[in-house]
Structure formats: C-alpha cells, structure tokens
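A structural walkthrough
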Amino acid sequence: MTISAARNDWAGQLYSGGWRSAEGGTTDVLEKATGELLATVGLAGAADVARATARAAAAQPGWAATSFEERAAILRRAADLLEQRAPDVINWLVRETGEIRQRATHEVRISVGEIREAAALAGQPYGELLPTTERGRLSLAQRVPLGVVAAITPWNAPVILGVRVIAPALALGNAVVIKPDVQTPITGGLLLASIFEEAGLPDGVLHALPGGAEAGEALVVDPHTRLISFTGSTATGRRVGELAGRNLKKVSLELGGNNALIVLDDADIDGAASSGAWGSFLHQGQLCFSTGRHLVQEAVADAYLDAITARAEALAVGDPFREDVELGPIINRRQLDRFDAIVQGTLEAGARLRTGGTHDDLFYRPTVLEGVGPSMPAFVEEIFGPVAAVTTFASDDEAIALANQTEYGLAAAIYSNSLARGLEIARSMRAGMVHVNDTTINDQAIAPFGGMGASGNGGRFGSLANWEEFTQWQWCTARDHAPRFAF
Ligand code: NAP
C-alpha cells in the first residue's frame, strides 16, 4: 500500500544504520479490523540486535557531544514532521492497532507535545555545584547520559509509548534501540525512525528493530545496553526484570494495571458514569490505565449502573477505519479469549450481566457486570477488554481497602462533590496516579507517569522525571594545580 506518512523504506526492512534487510527475515503487518495485509517489514533476529547495539554504542558519544541546541533543533523538527504527517500517522494507527480515530488523534497530539517537551530538556541545567572543604577545588554533581537505551514497547499505544522513551533519551544524549511489538512495527518503530531520520538525527543514534520475544531478550542481555525501558505486561516485565538484574542493568518497568474508579454517594453520577464508560471502553479497554474496577457506594449503585449501562448500549462497535464507531476490534483472538474467560468466570462466580458479554469475531460488545465480589476474576485480574466490573461498598474506609486490594498500583479515580473528601481518599490510594473527578485515563508530558507494585518498579516518564530515568549522576571535581599527597 502507498504510505505518504514518511518514506516507504520499510518494505521488508528495519532501520539500523539506514534501512536494511533483517537477518531474522520478514513479518507481515495486518489490519486488525479486517485481517488485510498492510505491509511486510523486517523481523530482527539476535544478530540484528547485536549489530544495532554495537552501532548505537559507537554513535552515542558523538551524539552526546553535539550541542544542546543541535539536539533540541532535531527534536523540534521531528515534532513538526509528526504534526505535519498526523493525518497519515493516524490512519496507520487506526489500521495497525484497531483504535478509533479520536483516540489515535489524541495519541499523535500528545506524542508531538512529548517531543517538544523533550527538546526543552536538552537546554536545562544538568547539575549542581557542591560545597567543598578545600579552596580552589570545584566540586559538582552532574547528570551524564546512560549510553544505549533499549526500549521494548507494546502494541496498544505504539506511538506515544515509543516517543516517551525515544525523545527524552535522545535529548539527554543517549542512543536508542527500540523494539516495538511485532503486531505494530510501523507506528511503534519504523515510522518514528523515518521521522527522526528526516529530522536530521545522525546515522546510528536510533535503531528500530521489529521483533518478538527473542529479539527483546537479546536486547536485555546485550552488553551494550545500559537501560532497559520496558512497557508491557506484568508477566513479561518480571522476566525482563530478572534478566536485567542478572546482567546488572538499570531497568525501568511500566506494567499492567487494575485501576479503581471510586464513586462516592455525593458524586455527580452522570459525570462519574461518563468517566466510567470512557475509562472502561476507550480503545476497547486495552490501555494500562483503563478503568478496571468500578467501586460504587451502595446508595448510588443503582443510579450508576443504569447510567453506565445506557452509555454502554449506545456505543457502536465496528471497523474504525471505514465506519464511525466508538469501539474497534480487539487486538487478536488470544487476547479476546483471555478476557472473555474472565467475564465468563466472573458470571459463574455469581456476578450478573447488565449488558454485553457477546462478540462477533474480534468485535466485543461493551460489557457491564454487577455484583462483582473481591475474589472474582474480574476484580482480581487486569481485564484489558471493554468490561466495567461494578462492586459496591458501604463506607469510605471500605472503598479505600477495596481499591488497594490488588497487587497493581497504576492509576485511580475518585468521584465526589467534596474536594476535601476526594483528596483525603486520594492520599490513601496505593497508585502512582490519582485523579479526583477525572478519568483514570490521564497522561501529560509534564507530569510524572508511572506505577507502584506490580504496575512497575518505580520508574517515571515525563518532564523532570526524565532526568532520573535517562541520565545518571556523576561526581566531578577539578583543581587548578596538582596537590601533593602524603606519599
Ligand atoms: P507484552 O506481551 O508484555 O509485550 C510487551 C513487549 O514485550 C512487546 O514488544 C513484546 O514483543 C515484548 N516481549 C515479549 N516477551 C518478551 C521477553 N521475554 N523479553 C523481552 N521482550 C518481550 O505486553 P502486551 O500484553 O502486548 O501489552 C499489554 C500490557 O502492557 C498490559 O498489561 C498493559 O497494562 C501494559 N501496558 C503498560 C503501560 C504502562 O505505562 N504502565 C502502558 C501500556 C501498556 P512481542 O509481543 O512482539 O513478542
């Protein structure tokens, strides 16, 4: 197919010191709603990974030595190119991931903002002067790049999840090797590489290697990679963390979530139901910060259930590229079967189906479950499908206990007409991101994004957090004259 978003150099290729054939062969990229072949791209094998990391390690010192103005200018050009090509990138996102146009548009917009914020990082102060006991000695703590950053990203929001690593890592003087998911290699890697290439990024500083688990593990254990920035499931994150730990790598794990939306008895129920529907059904519920558990105070439970059920039933499900719909396809059959088993298991355990629970091929109806108990699968597991699981509670303390009754800790939302009550509960949430009277689906380039517990190991993306993530401290001293020591 014709690609106008950027150069169509990826036919059978990957990006690693220019466009080249992959030793790992090729892989087909399918449109998720139709199964139509969109493109065939290079598939990285272990040899491609070793070659890319070696080239990245060789190119990184030169890149770090370029002036901050030059690095910022290249990033700003990349942001401009992504913005100019937004219509085509959005088309790719819709077809490659199955997300709706509105969500894809938002993803591209925040990705442009993320690159512009990263460009500004390059010109920020990178250290502090330290007091020193000796006269004439300069002592400073300065931030230095890590070297080669390996980014391993999932399919569900491939542009932003790639850009949030690539842009700040480059701005702060690192080289990057990104391995997008094989289901979304174009928006997750090759399209981004072509934009940075055209923006003037020097050869060898960025590599995009579509590949599967083998390529991912090769990146994790490779001697050249210094930071493994992994975004994906908690199960794979554990494996990546173990491998990285054994190889003494810095590892940043951004993993799954089982995010609670608490609706208190003084809440704006229509607003809360709007947030609940958006949180559970946007992108078919396939976002790390999708709303999983809806915890609703008993007095307002019926009203909330009626409101969210009405919203669910009004949503259109279909092919997001050709139709005006609110929900597209589930990414693949394996994923659909996984969360459908959670729905069926929860119904067998005694919950009731308010609406949905059926599907036509990959198109799953938005689903509302009521009477979900805390031991049922839809409460315990990350659903990652268009399912709102509703549980009731009696008191604020019970709501807090239920919300925290999970190994995950990514996002939470609280609906109340009392800001004080909402903020009080927010402080008790074991979650990396908490919003009062707003959705769990919140992301801003200037805010620290990340989770706790099984949602991640404490790494953060965004603005100042990027310094922590993509650089390390170096203590540096300097004297004017060489001193004489005791011997
Ligand atoms: P996944 O299966 O863990 O895959 C994520 C990435 O890891 C893919 O590129 C995958 O490659 C790669 N991978 C698989 N096995 C690997 C291994 N052994 N070593 C190294 N890399 C390996 O994740 P997913 O299920 O596709 O993505 C959805 C999950 O990501 C959900 O749990 C969601 O909550 C989470 N997520 C978290 C965030 C966050 O910021 N916290 C953001 C988005 C998504 P292939 O699939 O190509 O083999």
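Quick caveat, the model's predicted, so the values are computed rather than measured.

Quick word on the overall build of the protein chain
Scanning the protein chain from terminus to terminus reveals 15 helices and 23 strands. The C-alpha atoms of the protein chain give 24 Å as radius of gyration, which agrees with the globular expectation for 487 residues (23 Å, within 12%). Counting only C-alpha atoms, the protein chain reaches 80 × 60 × 40 Å along its principal axes. Sequence separation of 24 or more characterises 72% of the internal contacts of the protein chain that already satisfy a separation of 6 or more. For the protein chain, the accessible surface area stands at approximately 19000 Å², while carbon and sulfur atoms represent 52% of it. With 40 positive and 57 negative side-chain charges, the protein chain shows a separation of 9 Å between the mean positions of the two kinds.

Observations regarding the sheet that holds strand 23 (residues 471-479)
Within a sheet, neighbouring strands are paired by backbone hydrogen bonds and run either parallel or antiparallel to one another. If you trace the 3 strands from one edge of the open sheet to the other, you get 5-6-23, paired in antiparallel fashion. Looking at which strands have only one partner, the edges of the open sheet turn out to be strand 5 (127-129) and strand 23. Strand-to-strand, the axes of this sheet are offset by a mean angle of 15°, without reference to chain direction. Direction of pairing for strand 5 relative to strand 6 (residues 137-145): antiparallel, over a ladder of 3 bridges. Looking at the pairing, Glu-128 lines up with Ala-141 of strand 6.

Quick word on the site of the ligand
The environment of the ligand is formed by 31 residues, the closest being Thr-153, Glu-217, Ser-233, Leu-255 and Glu-382. Between the ligand and the protein, one listed contact pairs an oxygen atom with a side-chain N or O atom of Ser-233 at 2.7 Å. Residue Glu-382 places a side-chain N or O atom 2.6 Å away from an oxygen atom belonging to the ligand. Here the ligand loses 88% of its free accessible area of 920 Å² to cover by the protein chains. Those elements that place two or more of their residues in the shell around the ligand are helix 5 (158-171), helix 7 (213-221), strand 10 (225-231) and helix 8 (234-246).

Overview of the packing of aromatic side chains
As enumerated under the stated definition, the model contains 5 aromatic pairs in all. Their ring planes at 75° and their centres at 6.0 Å tell us that Trp-155 and Phe-384 sit as a pair that is edge-to-face. With Trp-155 in the loop between strand 7 (148-152) and helix 5 and Phe-384 in the loop between helix 12 (377-380) and strand 18 (387-393), the pair connects residues that are 229 residues apart, well separated along the chain. A relative accessible area of 10% means that Trp-155 is categorised as buried.

With respect to the side chain of Glu-254
One can find Glu-254 in strand 11 (residues 250-254). For Glu-254, which is buried and forms no salt bridge, the nearest opposite charge comes from Arg-164, at a distance of 4.7 Å. In this view, Glu-254 contacts Arg-164, Phe-230, Thr-231, Gly-232, Phe-449, Gly-450, Gly-451, Ser-455, Gly-459, Arg-460 and Phe-461; residues no more than four positions away in its chain are not counted.

Considerations on the pattern of salt bridges
Evaluation of the coordinates by the stated rule reveals 23 salt bridges. For the salt bridge of Glu-31 with Arg-95, the shortest nitrogen-to-oxygen distance reads 2.9 Å. Here Arg-95 lies in helix 3 (residues 86-97) and Glu-31 lies in the loop between strand 3 (26-30) and strand 4 (37-42), a separation of 64 residues in the sequence. Residue Glu-217 pairs with Arg-239 through a salt bridge whose shortest N-O separation is 2.9 Å. With Glu-217 in helix 7 and Arg-239 in helix 8, this pair connects stretches of sequence that are 22 residues apart.

Focus: the environment of His-435
Locating His-435 in the fold gives a position in strand 21 (residues 433-436). On a C-alpha basis, the gap between His-435 and Thr-184 in space is 30 Å, while along the polypeptide they are 251 residues apart.

A few points about the domain arrangement of the protein chain
Segmentation of the protein chain into domains returns domain 1 (13-255 + 456-475) and domain 2 (259-436). The C-alpha-based centres of domain 1 and domain 2 are spaced at 31 Å. Residue-level contacts link 23 residues of domain 1 with 25 residues of domain 2. Around 1900 Å² of area is buried between domain 1 and domain 2 when both sides are counted, 60% of it from carbon and sulfur atoms. Summed over the three residues of domain 1 that lose the most area to domain 2, namely Ile-100, Arg-103 and Trp-155, the buried surface amounts to 27% of that side. Our count for the contact surface shared by domain 1 and domain 2 stands at 3 salt bridges. In this structure, the salt-bridge partner of Glu-36 is Arg-322, at a minimum N-O distance of 3.6 Å. Scanning the region where domain 1 abuts domain 2 turns up 6 residue pairs in polar contact (both at pLDDT 80 or more). Counting residues per element, the ones that place at least two in the side of domain 1 that touches domain 2 are helix 3, helix 4 (101-121) and helix 8.

Thoughts on the sheet that holds strand 18
Spatial strand order, 14-17-18-13-12-20-21: 7 strands in an open sheet with mixed pairing. The sheet terminates laterally at strand 14 (352-355) and strand 21, the two strands that pair on one side only. Each strand axis lies, on average, 20° off the axis of its neighbour in the sheet, ignoring direction. Where helix 10 (residues 301-313) meets the sheet, its contacts fall on strand 12 (259-263), strand 13 (291-297), strand 14, strand 17 (367-370) and strand 18, and the angle it forms with strand 14 comes to roughly 55°.

Side note on the pairing of strand 6
Pairing between strand 6 and strand 23: 9 bridges, direction antiparallel. If you follow Val-144 over to strand 23, its bridge partner there is Gln-472.

Parameters and conventions
Residues numbered from 1 in each chain as written. Predicted model: local features only at pLDDT ≥ 70, side-chain atom pairs only at ≥ 80, totals over all residues. Heavy atoms only, no water. Helix = DSSP H or I, 4+ residues; strand = E, 2+ residues; numbered from the N terminus. Rg over C-alpha atoms; globule rule 2.2 N^0.38 Å. Contact = heavy atoms within 4.5 Å. Areas by Shrake-Rupley, 256 points an atom, 1.4 Å probe, with all protein chains shown as cover. Lys, Arg positive; Asp, Glu negative; His and termini not counted. Charge placed at Lys NZ, Arg CZ, Asp CG, Glu CD. Pairing = 2+ DSSP bridges. Axes fitted to C-alpha atoms, helices over the stretch in contact; angles between N-to-C directions. Near = heavy atom within 4 Å. Polar contact = N/O pair within 3.5 Å; in protein donor to acceptor, adjacent residues only side chain to side chain. Phe/Tyr/Trp six-rings, centres within 6.5 Å; stacked < 30°, edge-to-face > 60°. Buried < 20%, exposed > 50% of the residue type's maximum accessible area, 1.4 Å probe, protein only. Salt bridge = Lys/Arg side-chain N within 4 Å of Asp/Glu carboxyl O. Domains from an automatic or database assignment. Buried area = accessible area lost by both parts, 1.4 Å probe.

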